[in-house]
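Each chain is listed here by its residues.
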Amino acid sequence: MATPRPPPRMRARPPEPPRGGACAPGRRRRRQRESGREHGGTAAGCPPARVRQPAEVRGGGREPARVVAEGLPVAAGAGRCPRRGAGVRVSPVSHPPGGQLPLPGSRLCLYEDGTEVTESYFRALPPQTELVLLGPGETWRGCASDIEGFLAAFYNQRDAVVEAARKLLTDEQAPRRQRLLADLIHNLNENSLAEDKEDDKKWFEGLESRFKNKSSYMRYSCESRIRSYMKEVSSFISNVHPTARDAYKRIIDLMSDKLRSVKYNGCYFDRREEEAVRLCTAEGWFSCQGPFDRDDCPCKHSINPYGNRESRILFSTWNLDHIIEKKRAVVPELAEAVKTRDGREVNWEYFYQLLFTVDNLKLVHIACHKKTNHNLSCDKTKIYRKRKQNHKIS
């Protein structure tokens, strides 16, 4: 079922002044209402609200009608009676013949949050209160319903939304609104479904000509990050005790061979890979996994670098963050393990997992990348391989 579009705005005419100038009955009614306020009269003792003739519907479709209450009484203190009679001009939910309101089963609610308006509550509403007239079975959740309708337009009328946003941005002067409109255009003006260079040449601007499709570049991007980690591990050999450098070098060689066999885990950024190994959706959306000390991202950061060139560039600021820190914990621990192995075999595969795999890597937005000390260390029970025990048969 299609998400209802935001209802049209409608305004009511303000209450007309009493006809005939000094109308005695009018003055008596005003004095009675004022007297009721002075003596603690209640809303229940006031005359019923008046509803003017229905307004014409602007905009079609089956959607809740949005109306504006004008001339409604200003909300007074508890136990006080409204000052003026209510004048509200409403429109029907759909297009009934003759423009008559579908009163049976209909109800009013506040536009801002969907609170249903009772008769007594209606009398206490301040002027300019926006209301929604709902038919049987219809619901309204305030601004949330507006947002749902707006999101639906992204998919159903994307080109029209982009064009409208561009026109608004042309004349917009407020920086905050400029940012909102620019972000909207950026997010909608994408071509994430395109994979080959011929279908989205702008995405490949600034890249080497050897990349023929988006996934190949994204895979290369991930491989480059993993390669840089390997270089850091290799360069640390100068800090290793001289008597342990040969053993450290052998471990580096073992890690390098394994990385080459898995193509430096480039599968993490490749949307063509199986779901179990990639970090994105099949469309190319990546979600921030949150800081090292949280299980999720509190800001719900997400990005699709496959969508457009700007997103591809922005994605380079996202980090594969080591939960147990590479420089402060993992690499120094590896060097120490090699130095103090005393005949034991270093479990290099454990260190490999900490350095190069998602066992210890989290993809995080730059704002979620905490560069403070994580104060986490390697598992001491996994640093060395367990020795096999030989059982003698007697």
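What you see is a predicted model, and the numbers here were worked out from it, not measured in a lab.

Undergrad: Please give an account of the nonpolar core that cites residues and values.
TA: Formed by 56 residues in total, the largest nonpolar core has its most connected members in Tyr-248, Met-255, Phe-269, Phe-286, Phe-351 and Phe-356. Of all the elements in the fold, those that place two or more residues in this core are α6 (214-235), α7 (245-261), α9 (326-339), α10 (348-356) and β9 (361-364). Tyr-248 has contacts with Val-233, Phe-236, Ile-237, Val-240, Val-331, Leu-334, Ala-335 and Val-338, leaving out every residue within four places of it along the chain. Counting residues in hydrophobic clusters, the runner-up holds 9 residues, among them Val-162, Ala-165, Leu-181 and Ile-185.

Undergrad: Give a description of the pattern of salt bridges that names residues and reports values.
TA: According to the stated counting rule, one finds 21 salt bridges in the structure shown. We note a salt bridge from Arg-219 to Asp-270, for which the minimum N-O separation is 3.2 Å. In this pair, Arg-219 sits in helix α6 while Asp-270 sits in the loop between α7 and β6 (286-287), placing the two residues 51 residues apart along the sequence. Comparing Arg-219 with Asp-270 shows no difference in burial state: the two are buried. Among the ionic pairs, Glu-232 bridges to Lys-326, the shortest N-O distance being 3.5 Å. Pair noted here: Glu-232 is in helix α6 and Lys-326 is in helix α9, with a separation of 94 residues, a long-range link. The exposure class assigned to Glu-232 is partly exposed, which follows from its relative accessible area of 26%. Sharing partners across several salt bridges, the network here consists of Arg-219, Asp-270, Arg-272 and Glu-273.

Undergrad: Summarise unusual backbone geometry; cite the residues concerned and give the values.
TA: In the Ramachandran plot, Gln-128 falls in the positive-phi region, its phi being about 70 degrees despite a non-glycine side chain. Along the chain, the position of Gln-128 falls in the loop between α2 (119-123) and β5 (129-134). What makes Gln-128 partly exposed here is its relative accessible area of 42%. Even without a glycine there, the phi angle at Tyr-264 is positive, about 55 degrees. You can see Tyr-264 is positioned in the loop between α7 and β6.

Undergrad: Got a sec to walk through the side chain of Asn-213? Specific residues and values, please.
TA: Examined against the element boundaries, Asn-213 turns out to sit in the loop between α5 (175-188) and α6. Take Asn-213: its relative accessible area is 16%, and that puts it in the buried class. Within polar-contact distance, the side chain of Asn-213 engages the backbone nitrogen of Ser-215 at 3.4 Å. Excluding its chain neighbours within four sequence positions, the residues that come into contact with Asn-213 are Glu-195, Asp-196, Lys-197, Phe-204 and Arg-272.

Undergrad: Requested: an account of the packing of aromatic side chains, with residues and values cited.
TA: Inspection of every chain in the model, using the stated rule, returns 13 aromatic pairs. Here Phe-269 and Phe-286 contribute two aromatic rings whose centre-to-centre distance is 5.6 Å and whose plane-to-plane angle is 85 degrees, an arrangement assigned as edge-to-face. Of this pair, Phe-269 sits in the loop between α7 and β6 while Phe-286 sits in strand β6, placing them 17 residues apart in sequence. Take Phe-269 and Phe-286: they sit in the same class, and that class is buried. Between the aromatic rings of Tyr-352 and Phe-356, the centroid separation amounts to 5.5 Å while the plane-to-plane angle is 55 degrees, which identifies the pairing as tilted. Taken together, the residues span about one helical turn, with Tyr-352 and Phe-356 both in helix α10 at a distance of 4 residues. Here Tyr-352 falls in the buried class, since its relative accessible area comes to 4%. In textbook terms, an aromatic cluster arises when at least three aromatic residues are bridged by ring pairs, as seen for Trp-203, Phe-204, Phe-211, Tyr-217 and Tyr-220.

What counts and how
Residues numbered from 1 in each chain as written. Predicted model: local features only at pLDDT ≥ 70, side-chain atom pairs only at ≥ 80, totals over all residues. Heavy atoms only, no water. Core = buried A, V, L, I, M, F, W, Y, C linked by side-chain atoms within 4.5 Å. Buried < 20%, exposed > 50% of the residue type's maximum accessible area, 1.4 Å probe, protein only. Helix = DSSP H or I, 4+ residues; strand = E, 2+ residues; numbered from the N terminus. Contact = heavy atoms within 4.5 Å. Salt bridge = Lys/Arg side-chain N within 4 Å of Asp/Glu carboxyl O. Polar contact = N/O pair within 3.5 Å; in protein donor to acceptor, adjacent residues only side chain to side chain. Phe/Tyr/Trp six-rings, centres within 6.5 Å; stacked < 30°, edge-to-face > 60°.

Such coordinate-based values are descriptive only and should not be taken to indicate function.
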